[in-house]
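Breakdown of the fold
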Amino acid sequence: QVQLVESGGGLVEPGGSLRLSCTASGVSLRDYAVGWFRQAPGKEREVVACISNSDGRTFYEDFVVGRFTIAKDNTKGTAYLQMNSLKPGDTAVYYCNFRTDSTEYWGQGTQVTVSS
């Protein structure tokens, strides 16, 4: 059974940092592209960042450019989202997603709250 387990969320003050982790079991991360998404209460889920499975190309939404970094370690089977200079608007539940052309898997979500 494939499972994606997320960790690293929590409460942080504006300007602080968090690193989210997403560890896969039952699947080889080398074959998958990774995306990080977030969803705030009453809002639609939105993409934050993505990284290709093949050439390592990355994509970042404008609201996180220069602050967030996506990465993955295929040997460990873990994807990461390093979040710096956090703002209150970053408050949301963050979800990892692994996908190929034919399959995809979601993490359970981890809460990130940015507040004074």
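Before any of the text, the structure's been laid out above.
Conventions and cut-offs
Residues numbered from 1 in each chain as written. Predicted model: local features only at pLDDT ≥ 70, side-chain atom pairs only at ≥ 80, totals over all residues. Heavy atoms only, no water. Helix = DSSP H or I, 4+ residues; strand = E, 2+ residues; numbered from the N terminus. Rg over C-alpha atoms; globule rule 2.2 N^0.38 Å. Buried < 20%, exposed > 50% of the residue type's maximum accessible area, 1.4 Å probe, protein only. Contact = heavy atoms within 4.5 Å. Areas by Shrake-Rupley, 256 points an atom, 1.4 Å probe, with all protein chains shown as cover. Lys, Arg positive; Asp, Glu negative; His and termini not counted. Charge placed at Lys NZ, Arg CZ, Asp CG, Glu CD. Pairing = 2+ DSSP bridges. Axes fitted to C-alpha atoms, helices over the stretch in contact; angles between N-to-C directions.

Our next topic: the overall build of the protein. Check the secondary structure of the protein and you find zero helices and eleven strands. A globule of 116 residues ought to have a C-alpha radius of gyration of about 13 Å, and the protein, at 13 Å, matches this closely. For the protein, the C-alpha atoms occupy an extent of roughly 40 × 25 × 25 Å along the three principal directions. The burial tally for the protein puts 39% of its 116 residues in the buried class. Looking at the protein alone, contacts between residues at least 24 apart form 53% of all its contacts between residues at least 6 apart. Looking at the protein as shown, the accessible area adds up to about 6,300 Å², and 46% of this sits on carbon and sulfur atoms. When the 11 positive and 12 negative side-chain charges of the protein are each reduced to one mean point, those points stand 3 Å apart.

Let us look at the pairing of strand E4 (residues 33-39). Burial within E4 is extensive, with six of its seven residues counted as buried. The pairing of E4 with strand E9 (residues 92-99) spans seven bridges and is antiparallel. Bridging from a neighbouring strand, Val34 pairs with Phe98 of E9. Where E4 meets strand E5 (residues 46-51), five bridges bridge the pair, whose relative direction is antiparallel. If you follow Arg38 over to E5, its bridge partner there is Glu46.

Okay, the sheet that holds strand E3 (residues 18-25) next. Strand pairing in a sheet is mediated by backbone hydrogen bonds. Such pairs are either parallel or antiparallel. Overall, antiparallel pairing links the four strands, which are arranged E1-E3-E8-E7 in an open sheet. Edge positions in the sheet fall to strand E1 (3-7) and strand E7 (68-73), since each of these pairs with one other strand and no more. Adjacent strand axes in the sheet meet at a mean angle of 15°, parallel and antiparallel pairs treated alike. Pairing between E3 and strand E8 (residues 78-83): six bridges, direction antiparallel. Residue pairing for E8: Arg19 is matched across the bridge by Gln82.

Our focus in this paragraph is unusual backbone geometry. In this model, Ser85 sits at a positive phi of 50°, which is unusual for a non-glycine residue. Mapped onto the fold, Ser85 is located in the loop between E8 and E9. Note on Ser85: relative accessible area 40%, which makes it partly exposed.

Just distances and angles here, no functional claims.
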